[in-house]
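# Structural overview
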Amino acid sequence: MRGIGFRLLLLALALAAAVEVDARFVVEKNSLMVTSPTALRGRRDSAIGNFGVPQYGGSMAGAVVYPKGNSDACDAFDGGSKEQLFRTKPGALPSFLLIDRGHCLFAKKVWNAQNAGASAVLVVDDKDEPLITMDLPREDDEAAKYIQNITIPSALIDKKFGEQLKKAVKDGEMVNVNLDWREAVPHPDDRVEYELWTNSNDECGPKCDMLMHFLKEFKGAAQLLEKGGYSQFTPHYITWYCPQAFVVSKQCNSQCINHGRYCAPDPEQDFSTGYEGKDVVVENLRQLCVFNVANEIKKPWIWWDYVTDFHIRCPMKDKKYNKKCAETVIKSLGLDVKKVDKCMGDPNADSDHALLKTEQDAQIGKGSRGDVTILPTLVVNNRQYRGKLERKAVLKALCAGFEETTEPNVCLSDDMETNECLSDSGGCWQDKAANVTACRDTFRGRVCECPTFNGVQFKGDGYSNCEPAGPGKCLINHGGCWHETRNGKTFSACQESGNGDCKCPAGFRGDGVKKCHDIDECKEKKACQCPECSCRDTWGGYECTCSGDLLYIKEHDTCISKTAVQAKAAWAAVWGILVALAVLAAGSYVVYKYRLRSYMDSEIRAIMAQYMPLDSQGEVQNHSQEDHP
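Right, let's walk through the structure included here.

Quick notes on the rules
Residues numbered from 1 in each chain as written. Predicted model: local features only at pLDDT ≥ 70, side-chain atom pairs only at ≥ 80, totals over all residues. Heavy atoms only, no water. Pairing = 2+ DSSP bridges. Helix = DSSP H or I, 4+ residues; strand = E, 2+ residues; numbered from the N terminus. Axes fitted to C-alpha atoms, helices over the stretch in contact; angles between N-to-C directions. Salt bridge = Lys/Arg side-chain N within 4 Å of Asp/Glu carboxyl O. Core = buried A, V, L, I, M, F, W, Y, C linked by side-chain atoms within 4.5 Å. Buried < 20%, exposed > 50% of the residue type's maximum accessible area, 1.4 Å probe, protein only. Contact = heavy atoms within 4.5 Å. Arc of directions from axis to C-beta.

## A short note on the sheet that holds strand β4 (residues 95–100)
One closed barrel holds the seven strands; their spatial order is β1-β2-β6-β5-β4-β3-β7, and the pairing between them is mixed. Direction aside, neighbouring strands of the sheet carry axes that sit 40 degrees apart on average. In this structure, strand β2 (residues 42–48) lies alongside strand β6 (residues 154–157), joined through two bridges in antiparallel fashion. Of the residues in β6, the one forming a bridge with I48 is A155.

This is the structure we're talking about:
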């Protein structure tokens, strides 16, 4: 009877959730491009499987293979042999196994295909219907063995398209397709917003073990992204409400807080032993409050430390899943326990809890995101993540959420993506001489944009042309202008100022880009034309000498006597001395006049002081000569 009552309660909870809103499940899709045969060439949608490892932010090309037997892949393909039937041969495209829907679980089909060497799986629907999501099976001992070990991507395609692919393969045609996940996650800006719908229950079997392992494994990457300002993470917790008719029942009292408003299933699914569902709700609430308190002090990443430390230090199996142990963890992380308690409030209050009410409202899908109905659920930029909850796979999904060229370095590591710029600069413009390229590696591929190199901005289309522009451009390969060096002397047609065009320097003539020819100033009679001058052309200039005792003055293109120059210099020196003496004499006269005037003023003031009082003296007191009694 206890088991029946529990199942009835779970059914009631599910019905309550369904009655309040119409559940909306969004099918997350990726693009499938057929490249051959020509008759099928084009782009289609496929539904991403909710297990395995989708290649978020990337793409994968492969050759479609349809097995002659075991077309639904419900049985192992090797038949006991260790050889993988569909393993990719050297130099060939990876094998995409095309299999039929039906007769067994989706995950089991993909598991058998992976063991046979397939690189990806395309499941053909057996019904004419809109695309659906291939979901995880209900947990049992058999499924638990392979669910977490599926590492290849899978997708569901509609029946009509699948039949076309099967016919092409049977007819002996080469069928090549490209699975593309680059647009599966929106990437509007330089920050990724993601949320994880999780649970503090650690006794729910393989799914709980997988979730806790992910939290510990992903903590480091999550905290680095958050501290660097690259991401905004928010944890969420699913709760259900107890139908009004069951509020006073033993089941609701053991599984709910706030008089049936917020409930969680019993951890052991046994009301007579162990922890109760309301214990899980209370700890879920505590973890939400830990996040809020940490967020107030601008350290939201402490949440990751709390949930992982709590799982290690306060597990259910050791009977430490309680408030006392939780507060020990909170104190060790430097958070205010009183603030956390205030946030949690009274679990016995017959009223809504603002934080938990917000969580229930957030379970309803908005925009591109569907309802959150299963645990765990990861949402990236308001799109539900599909695939294995594993560090590298999730990190790829987050990296796919950055606007191109804004992703952090962790997204550009060798184990996360391929650097397309390493091979012939990714087809972008490059200057091998200056070791400059317009190729910029990104998580999804590469972009061709003219770079800034050594403080100099290049401008152009990034594909066939990039030219240095602005200050310092002549430092980079002479700004693309003509330049030449002879005997240690370099001339360049690059101009830092002006309109930026290449212009041959003085002494040269040409287009300034490809060639500048030396001008023979002597032959063209552009200089050194005085009667006494003797002209000799040099590269980029000329040399002019004068006959006899004459000196060449280049500014005036003339020859003058050296003695005349010396005389002029001597007279200049004499005039300089005379001017200096005149200035000195004038200064001395001014000082003399000033001192003489000061002396005369003091003498006059002294004489006048003997006959009348001055403003600076006080009045003289009159004295009587008579004696008074």
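## Focus: the pattern of salt bridges
For the structure on display, the rule yields 20 salt bridges. With a shortest N-O distance of 4.0 Å, R101 and D126 are connected by a salt bridge. Remark: D126 occurs in the loop between β5 (120–124) and α3 (141–146) and R101 occurs in the loop between β4 and α2 (106–115); sequence separation between them is 25 residues. Among the ionic pairs, D171 bridges to K167, the shortest N-O distance being 2.9 Å. Among the charged side chains, a network of salt bridges with common partners joins R101, D125, D126 and E129.

## A few points about the nonpolar core
Residues Y194 and F218 are the most contacted members of the largest nonpolar core, which totals 88 residues. In this structure F218 touches Y194, W304, R391, V394, L395 and L398, once residues within four positions along its chain are discounted. F77, F86, L97 and M134 belong to the second-largest nonpolar core, a separate cluster that totals 23 residues.

## A word on helix α11 (residues 354–362)
All of the buried residues in α11 are L355, L356, E359, Q360 and A362. End-on view of α11: buried residues confined to an arc of 165 degrees, all on one side of the axis. On its buried face, α11 is in contact with β8 (192–198), β9 (231–237), β10 (256–257), β11 (262–263), α7 (277–296) and α10 (337–344).

## Description of the environment of L211
You can see L211 is positioned in helix α5 (residues 206–227). Sequence-distant contacts of L211, that is, excluding residues within four places in its chain, are made with L196, T198, N199, P376 and L389.

## Some words on unusual backbone geometry
The omega torsion of the bond from S36 to P37 falls at 5 degrees, within 30 degrees of zero and hence cis. On the secondary structure map, P37 appears in the loop between β1 (29–36) and β2. The phi dihedral of N382 falls on the positive side, at around 65 degrees, and the residue is not glycine. Take N382: it is sitting in the loop between β12 (377–380) and β13 (383–384). Despite not being glycine, T405 has its phi angle at roughly 80 degrees, a positive value. The residue T405 is located in the loop between α12 (391–399) and β14 (430–431) in this model.

Scope: geometric values only; no functional claims are made or implied.
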